[in-house]
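Notes for the structure review
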Amino acid sequence: MESRAGTGASPRSFEIELPRWVSVAFLRRWALPSAALALVAAQLLWKWSLFGRGYFWGDDFAFVARAAERGLGWDYLTAPWGPKLLPAGFALAWVVTRIDAYGWELASGALLVLQAAASFAMYRLLRVLFGARALILVPFGLYLFTPLTLPGLLWWAAGLEQVPLQLAICMALAAQAHYVRTRRARHVVAVAGWYLFGLAAYFLKAAVGIPLLLFLLSSAYFTAGPWSRGCWTMLRRNLPVWGALAAVLVPAAVVYVVRADTGHQPVGLPGAGETALFAARLLGETFPTTALGGPDAWFGGIVAPSWWGVALAWAVLGLYAAATLVLRARAVRAWAILLAYLVVVDLVPVLLGRGAFEAQALEPRYVADAAVVLALSAGLTILPVGEEARPYRALPPRGLAVPAVSVVLVGAFLVASYVSADAYTAQFAAQRARARGYVEAVRATLAAAPATADVYPQWLPADVLIYGFGESNFSSHLLSPLAPEPLRERMRHPRPAAEPVVLAEDGRSLVPPRIVGGYAAPERGGRCFPQEGGTVTLPVRSDGAYAVAGFTYVAERATAATARLGAARAELSLRAGQARVYFPATGTGAAMTLTLADPSVDLCVTGVVLGIPGPNTTP
């Protein structure tokens, strides 16, 4: 290199000496992995920033509560979550909860570690199939940055299902490619092991999806001649793999049949019209718009694309498909693999369970796992697998046109993904901040509460939980993991108390309860409910749902009493004088009876209430 010190100065030459370990061989070996690592790091930073706007909601609270209440055993790991079995996700939820219940940084960080593992697994799959080609970064970047995976990642409970499944798919396909090429038994073991992991992650999808992809990929790209002949060839040549998969699936299927619960979600195919509409929404709107940069609008957790957004997505997809069909000899097989996976694995199961609800077809989390297959198919449409002969029908036009168009498309995809993801998370930012503030306030309140406090169950504020399922939504279940022992146990199993408390609306204090439900007083003109033979009948009705009962009374002296409501009973200690007592009352009946241990005690019950406690005052 030459330099001039000033005007008229003679030129001077100098050299920049690079470290000895930097060589052409070094760059050839490490340039591609370094670029992939940089892409993964960029992806993780981006998704970490999106997690910063998020927090637990919906099913997440139930996952934490269940993990806090149960030990890490078979019953917990195989406990049904509706029609799903999710032992892998439950195991991670248990570890995270035991370290820091409702610790969002830890929970989201653990999911990001899984996402990193799935990302490197995708890179490994592409390397195994196509070799160390720079072009593999195109499908790799598509997987990393498509918004298709975001709704299934940023919702923690969904991420515990989806991300391990994506990891299992990539690793199983890579092991299958190694087996087809080498015929080594250890790769059969690897395929079976990752299949088992996939079943543990998301049984319903992995059970069909992984074998389907193994068969379609190996028959389409690891055999010669027509695809139909390749299918028959792969069935025969791959018998050890099919046998290993069957050995894994059969016992897992037995566990699923025994443990899964479909009682609250009946399985059935809707009518032809509903089926067509659902399929058109899921595969015609949700998948293409979310996969190719995200929809131009969101409505909560569902896509709300404009007509031009859908048209643009299909135009890009159609033009790209047409170009690959012209240039790539087996491109049709790649598109067929993607379509088969979308229909068999992503459409049919959700159609059987949710097909009557059209809006559910607009939820991208149902097709989040297809991001792996989308990236795989994209790679297959531009790059040859090593075993292919004559992989191209024609070569793309020379010159700058193709690179220029590619750069524009990649840039547009990245910008659209960023904008769409930002819009998606912005919708929930205020609600997630409210939920985080409430939970952290409750954590501090319970930490400062006396160990003997009687904190009664209550509904969580509607803007914190958003939705849930019945009695499992009570604070005794969802918020008790935040309390230290022994208060945690007292919250889970409330006992009769004269002065119970509940959490204030903002979670910053404990306040007296206000029972919302039915109230009864003695008939007009009477001061007390009648007492006959040591028994007082209180006219409150219950349908069996969880409730808290309470009554005010005047007793001439202290005594014990038994309250009964249907089959439920509570043992009470009544003190002398004017007082009140509250107790849990879960039973079915038209009236409650109060039986005194000492019938000679004169007890005057002046009022009774039965319902759900809530805060009586708010700061």
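Residues numbered from 1 in each chain as written. Predicted model: local features only at pLDDT ≥ 70, side-chain atom pairs only at ≥ 80, totals over all residues. Heavy atoms only, no water.

**Remarks on the overall build of the protein chain**
Within the protein chain, the regular secondary structure consists of 20 helices and 17 strands. Per-residue burial over the protein chain gives 51% buried out of 619 residues. Intrachain contacts of the protein chain at a sequence separation of at least 6 include 77% that bridge at least 24 residues. Approximately 28,000 Å² of the protein chain is accessible, and the part contributed by carbon and sulfur atoms is 65%. Side chains of the protein chain carry 50 positive and 37 negative charges; the gap between the two charge centres is 14 Å. (Helix = DSSP H or I, 4+ residues; strand = E, 2+ residues; numbered from the N terminus. Buried < 20%, exposed > 50% of the residue type's maximum accessible area, 1.4 Å probe, protein only. Contact = heavy atoms within 4.5 Å. Areas by Shrake-Rupley, 256 points an atom, 1.4 Å probe, with all protein chains shown as cover. Lys, Arg positive; Asp, Glu negative; His and termini not counted. Charge placed at Lys NZ, Arg CZ, Asp CG, Glu CD.)

**Concerning the sheet that holds strand β13 (residues 568-574)**
Think of a sheet as strands paired side by side through backbone hydrogen bonds, with each pair either parallel or antiparallel. Spatially, the five strands line up as an open sheet ordered β8-β9-β16-β12-β13, and their pairing is antiparallel. If you trace the sheet from one side to the other, it starts and ends with β8 (531-532) and β13, each paired once. Bridge count between strand β12 (residues 559-565) and β13: seven bridges; the pairing is antiparallel. Across the sheet, Ala561 pairs through a bridge with Leu572, a residue of β13. (Pairing = 2+ DSSP bridges.)

**What to know about the state of the cysteines**
Counted under the stated rule, the structure contains one disulfide. Covalently, Cys528 is tied to Cys604 through a disulfide, its sulfur atoms 1.7 Å apart. Its S-S torsion of approximately -90 degrees makes the covalent link between Cys528 and Cys604 left-handed. One end of the pair, Cys528, is in the loop between β7 (513-520) and β8; the other, Cys604, is in strand β17 (residues 603-615), with 76 residues separating them in the sequence. What makes Cys528 partly exposed here is its relative accessible area of 28%. A relative accessible area of 7% means that Cys604 is categorised as buried. (Disulfide = S-S within 2.5 Å.)

**Quick word on the packing of helix α5 (residues 104-130) against helix α8 (residues 156-182)**
Contact geometry for α5 and α8: axes closest at 9 Å, N-to-C directions at 20 degrees. Judged on the interaxial angle alone, α8 and α5 are roughly parallel. In this structure, α5 meets α8 at a crossing whose hand is left-handed. (Axes fitted to C-alpha atoms, helices over the stretch in contact; angles between N-to-C directions. Parallel < 35°, antiparallel > 145°, perpendicular 65-115°, else oblique. Left-handed = near helix turned anticlockwise from the far one by under 90°.)

**Here we look at the pairing of β12**
Of all seven residues in β12, five are buried; the element is thus mostly enclosed. A loop of two residues connects β12 with β13, the two strands running antiparallel in sequence, and Gly566 in this loop sits at a positive phi of about 65 degrees.

**Some points on helix α9 (residues 185-201)**
The terminal C-alpha atoms of α9 lie 25 Å apart, and with 17 residues this matches the ideal 24 Å at 1.5 Å per residue to within 8%. By the burial criterion, the buried members of α9 are His187, Val188, Val191, Ala192, Tyr195, Gly198, Leu199, Ala200 and Ala201. Buried residues along α9 sit against α4 (87-99), α8, α10 (203-221) and α12 (239-259). (Expected span 1.5 Å × (residues − 1).)

**Things to note about the nonpolar core**
Counting 158 residues, the largest nonpolar core has Tyr102 and Trp156 as its most contacted members. For this core, the leading source of residues is α8, giving 18 residues. Beyond its immediate stretch of four places on either side in the chain, Tyr102 contacts Tyr55, Phe56, Phe61, Val64, Ala65, Val439, Glu440, Arg443, Leu478, Pro481 and Leu482. (Core = buried A, V, L, I, M, F, W, Y, C linked by side-chain atoms within 4.5 Å.)

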